[in-house]
Amino acid sequence: MTEIPKAYEPQSVEDKWYDFWVKQGCFTAEPARVSDKRPAYSIVIPPPNVTGMLHMGHVLNNTIQDILSRKARMDGKEVLWLPGTDHAGIATEGMVAKQIRKEEKKTKQDIGREEFIKRVWTWKEKHGGIIIAQLKKLGCSCDWTRERFTMDPDYVRNVQRVFVDLYKKGLIYRGKRMVNWCPATQTALSDEEVEMKPQKGFMYHFKVEVAEASGMWLTIATTRPETIPGDTAVAVNPKDPRYAHLIGKHIVRPLPAELPREQKLIAIIGDEHVDFEFGTGVLKVTPAHDKADFEICQRITKWAGSRIERTLFTDELSFMEPIEIMNADGTMNDLAGADLRGLDRFKARKVAVEKLTELGAMIEEKPYENNVGFSQRADVPIEPRLSEQWFLKYPSVEVSKACVAQSGDGVQPGGLSELSPGQRPGVVGGIGSHPRGVREGSAAPAGAGQLFGGEEPRAFSGAKFQQPSGLGPNAGKMQFHPQRWAKVYDHWLTNIQDWCISRQLWWGHRIPVWYPKPGAFTEDQIHNLIESQNDAYQDVASIEEGVSVRWVSIEPPPDPANWTQDPDVLDTWFSSWLWPFATMGWTGDKTQDSNTPTLRAFYPTTDLVTGPDIIFFWVARMIMAGYENMGEMPFKNVYFTGIIRDKQGRKMSKTLGNSPDPLDLIARYGADALRFGTMRSAPLGQDVLFDEKDVELGRNFCNKLWNACRFRQMQGGEVQGEMDAKLLSSDDRWILLRLDQAIREVSDALASYNFATAVQTLYRFFWSEYCDWYVEASKAAFFGEDAALKANKVAVIDFVLSHLLRMFHPLLPFITEELWHGMGYSADMPEDQGGRTIMFARWPKPLSDEEKEAWGLDDTVETFANAKFELVTQGRNLKTQFNIGAGKKGKFTLKPAGQLDPSEAEVLRLLLSAESLELDPNYVPKKGTPTALTKLGELYLPLDGLVDMDAERVRLTKDTAKIQSEIEKVEQKLANPSFAQKVPAAVLEEHKQRLADWQAKLAQAKAAIEALG
RNA sequence: GCGUGGUUAGCUCAGUGGUAGAGCACUACCUUGACACGGUAGGGGUCGCAGGUUCGAACCCUGCACCGCGCACCA
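Here the structure is a predicted model, which means the values were calculated and not measured.

A. A look at the nonpolar core. Among the nonpolar cores identified, the biggest contains 198 residues, and Phe163, Phe480, Phe574, Trp577, Ile623 and Tyr770 are the most heavily contacted of them. Here this core takes 14 residues from helix H23 (residues 755–782), the largest share from any one element. Phe206, Leu218, Ala352 and Leu356 belong to the second largest nonpolar core, which has 28 residues in total.

Below you can see the structure in the form of structure tokens.
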């Protein structure tokens, strides 16, 4: 044993052990080791953005995962924590484009698609590993041999295969529909990527003339006058008596001003959607630039005819054809008219207002606040826009809803016993038993049809739907922690619309669909392709494209010269929803997959740890993908962390500059300190208000732990000696009991994901119980002469510390490993159970009844210890009150209430830091001697010099008052007749005992006052 | 509007029916032989408000107020 430094220095310890763990393969999961005795435990990391840097949210999230993983290893499980990153389409593409713009003054179009993607890869190779390196600094025990990236070749194939599969199942379709268009990044976004924000603007009222009734004017309210050129109708509620009679007539649209009157006539239509009360009750309908208006348009046209095609528009209905008045970048196009053409949409709004005013149509404008959708990435207002995109009807919705336990389901969390008979834990039993029928429940909500150039989603020929039969066994098997998020999840799943999965980007998974080049095939040839055996040729009845076949396959068509691949890529989430199995060697081939060791052993995963903000983006979609592709849920438990905020409760953000750099914190305080500080203030499911003080506390804590071990080391002696029951002191027995209690509490807390509780318990046990009381008390033996007693005390300390270090390991991996070896606890352990590393030491078990009996750990231990502590506290209090502060020793005399072993007295003396503690059953104090009244007897502090009788009287009188008020409280309760009748016996007894104790103290106090004379 | 979380010491939070707690901050004292990244003692709370249930409520029920968050959303 080498002497360890006075203060813990994390920097010299952390890298050393991390390298050791990696080199020794401690993090590497071995599927072959999985057995009934060694169950599998797995987590997949929520893949951080490859462009990302570690922030406090990552620290919280990954520390939790590391705690779960390390705890599972110590429980003897075979653990896979699978790490990786995602390619983050928009963010990464934006970043590289910006770099190119800055360094080369070029756009991505200038350098071309192929070259651009090359640049992104170069960037990724250079900088993409930063966050991974940072996770290592934090101590994360991920299996780096299995690190994955969503753009890995095999992962790309998986994404494409799933696309092709869903396409053939009829769940993916292409259509021209309203999408959330981001004019800044010029791509479509899903509904989830739009954030509603209140915006201050104006509500404009303008008037329009009814064409058939000259001189009759209607007033319309709008926040977007620049879209007037795109209006194709004016809607009123057919039940609105003010306007109903006007339905079928027309109004004159004021803009574009230069058009002749007859080209500006648009119809007045009736639609229930229009609210009488709101605005003027007259709604302008701009179907190409407003979602609700588009739906009105759909309703009207559907009402007028069945399947609508452009050529079928009658004159009567042609007014409904949407007019697109904007370009992709958010500027106005020619159809917006001469006044607005070329202007940005917000500039155009101002000009439109001017124009209306000029025309005398503007009635008023008043300040108005409404919610506007913003692009989450680019932070600019979304433009609802008619656009041709790929959409997905969500699969496996019903089973995904049913599998998550709602409150009151009463299902036990993820017990393996719930698996069907014959399904070994961790084995992909679900493959081949795909719950196909559930797809029927996934039909899109009404109104999600495809109108313009779209296609009806249809079932892949040959796929037979069955009635859902797999819901029963799945129902409620997955647990959310805290459970309330299950409701949010369920609500979203109930109201989902089809998912727009295509993105107008270059960086990402290219859509595996090819279209014939114009003129490449004759109609007959196309017909033959469709009829051929190769089902990559997909029949399409699309007027928009003017073709009727597509090639849909992972492989390019055999005659690529005749085809053009779809230029778009898939939403990043369309790749990450496959994460739990696509990272494990999944191929989609059932036979092959059932023999893939990693997948067999570790899917479904055990726990997922993530933030509630991505329930929709990721969690729900992973569940659907899991059922759809694996026939089984992707994880059994989902733990939702809180959001990390600063100490003022604000979200951490780059713009506010209130987010500390975790790497900086690690450099200053150590990774363990950061982990400790973060976890200590992270209650279950609550937001975390982070303060650097927390990390400082963590550092202090590590230092305390370090020094507690240092103290043990300074006592010398053999490691891990056997404890001799006969030599155990009351303090030894007490700390063993407290240890037992701590093991129970910490184990329970971790099992229920109550991390803050676990940390709190460890803190209390180690600092308040072990250091403050036990270690101090133990000094009585160590400063004494009895060698056997000392040796036994060392054995107790080793027992406690070796358990304690193990309990701390998941939370504080570095310092515990260092101490585990430094203290020599690894020496006697089996190689694979703590000998090599504390990582695989067994998680402490609570003491058995036999052990408790052998060591004499009974109820009296606690009572006696508490009495001692009470005496000590009161004695210290006396010293303070009579100015015998720390520094000065003081001489005490105890008039014991019963027998007190001299060794106990010596402990008391030490805890009181008194020069002496005399035991004298017949002690008669001088008048005015300060007294503390305790269960162990009366403790006196005889003062050598002057005795301040008045001061002592004041003190005792104050005590008496307090005692009396306590007595009153208890007496009042006991005096209540129904109390005695109705209260449980134990409670009644406890109250009586409490009364007796206080009364005894009162008697002591009165006697003491009397003694003052 | 619907849903959801919160309101306890100056601050951040535990406590979910039986004597109101922790850490930080604060005050005083102490560099004593693990640790000043430490120790000892202390001050500080009518547990948001109002009812109800109960022998007993911070805790359960009802209502209200305020602060968050999510979803929806009317031009």
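B. The protein's contact with RNA strand B, seen in detail. Taken together, 59 residues sit near RNA strand B, with Phe278, Asn371, Asn707, Arg710 and Lys982 positioned nearest. Close to the protein, within 4 Å, the atoms of RNA strand B are drawn from sugar and phosphate at a rate of 61%. One nitrogen or oxygen atom from the side chain of Lys487 is found 2.6 Å from a phosphate oxygen belonging to RNA strand B. Those elements that place two or more of their residues in the surface near RNA strand B are strand S8 (217–222), strand S13 (362–375), helix H12 (485–495), helix H21 (692–714), H23, helix H27 (859–881), helix H30 (977–982) and helix H31 (985–1011). Of the residues assigned to the surface near RNA strand B, the class counts are 23 nonpolar, 18 polar and 18 charged.

C. Geometry of the packing of H27 against helix H28 (residues 902–911). Direction vectors running N to C along H27 and H28 enclose 40°, while the axes themselves pass 9 Å from each other. One way to sum up the angle between H27 and H28 is to call them oblique. As H27 packs across H28, the resulting crossing turns out to be right-handed. In contact with Phe864, Lys868, Leu871, Val872 and Arg876 of H27, H28 contributes Glu904, Val907, Leu908 and Leu911. Each residue belonging to the contact of H27 with H28 can be placed in one class, and the counts come to 6 nonpolar, no polar and 3 charged.

D. Region of the structure containing unusual backbone geometry. Of the consecutive residues His481 and Pro482, the connecting peptide bond is found in the cis state with omega at -10°. By secondary structure assignment, the location of Pro482 is in the loop between strand S15 (479–481) and H12. In this structure, the amide linkage connecting Tyr603 to the following residue, Pro604, adopts the cis form with an omega of 0°. Relative to the elements of secondary structure, Pro604 occurs in the loop between helix H17 (597–602) and strand S23 (605–610). With a phi close to 45°, Ala88 is a non-glycine residue in the positive phi region. The residue Ala88 is located in the loop between strand S3 (84–85) and helix H3 (89–104) in this model. Relative accessible area serves as the criterion here: at 9%, Ala88 is assigned to the buried category. Here Asp379, not a glycine, exhibits a phi torsion of approximately 55°, which is positive. Within the secondary structure layout, Asp379 lies in the loop between S13 and strand S14 (383–392). The exposure class of Asp379 is partly exposed, given its relative accessible area of 43%.

E. Main features of the environment of Met622. Within the fold, Met622 resides in helix H18 (residues 615–630). What makes Met622 buried here is its relative accessible area of 0%. Excluding residues within four positions of it along the chain, Met622 makes contact with Ser576, Trp577, Pro580, Leu608, Pro634 and Phe635.

Parameters at a glance
Starting from 1, residues in each chain are numbered consecutively following that chain's sequence as written. The lettering of chains begins at A and the numbering of ligands begins at 1, in the order of writing. Reporting in this predicted model follows two pLDDT cut-offs: at least 70 for local features of residues, and 80 or more for side-chain atom pairs to be given and counted; totals over whole chains, interfaces and linings ignore these cut-offs and use all residues. To get the side-chain values, all heavy atoms of the structure are used, and hydrogens and water are removed first. Take the buried Ala, Val, Leu, Ile, Met, Phe, Trp, Tyr and Cys residues and link them wherever side-chain atoms come within 4.5 Å; each set so joined is a nonpolar core. For every residue, the accessible area obtained with a 1.4 Å probe (protein chains only) is divided by the maximum for its type, and the residue is called buried under 20%, exposed over 50%, and partly exposed between those limits. Strands here mean DSSP runs of E at least two residues long; helices mean DSSP runs of H or I at least four residues long; both are numbered from the N terminus. Neighbouring residues are identified by heavy atoms, a residue being near a molecule or strand if any of them is within 4 Å of it. Any N or O atom pair separated by 3.5 Å or less is treated as a polar contact, with the protein-specific requirement of one donor-capable and one acceptor-capable atom, and with residues adjacent in sequence counted only for side-chain atom pairs. Here the term charged refers only to Asp, Glu, Lys and Arg, the term nonpolar to Ala, Val, Leu, Ile, Met, Phe, Trp, Tyr, Cys and Pro, and the term polar to all other amino acids, Gly among them. Axis lines are fitted through C-alpha atoms, for helices just across the contact stretch, and the angle between N-to-C directions can take any value from 0 to 180 degrees. Under this scheme an angle from 65 to 115 degrees is roughly perpendicular, one under 35 degrees roughly parallel, and one over 145 degrees roughly antiparallel; angles in between are oblique. Here a crossing is called left-handed whenever its near helix is offset anticlockwise from the far helix by less than a right angle, and right-handed whenever the offset is clockwise. Contacts are residue-level and defined by heavy atoms, with any inter-residue pair within 4.5 Å sufficient.

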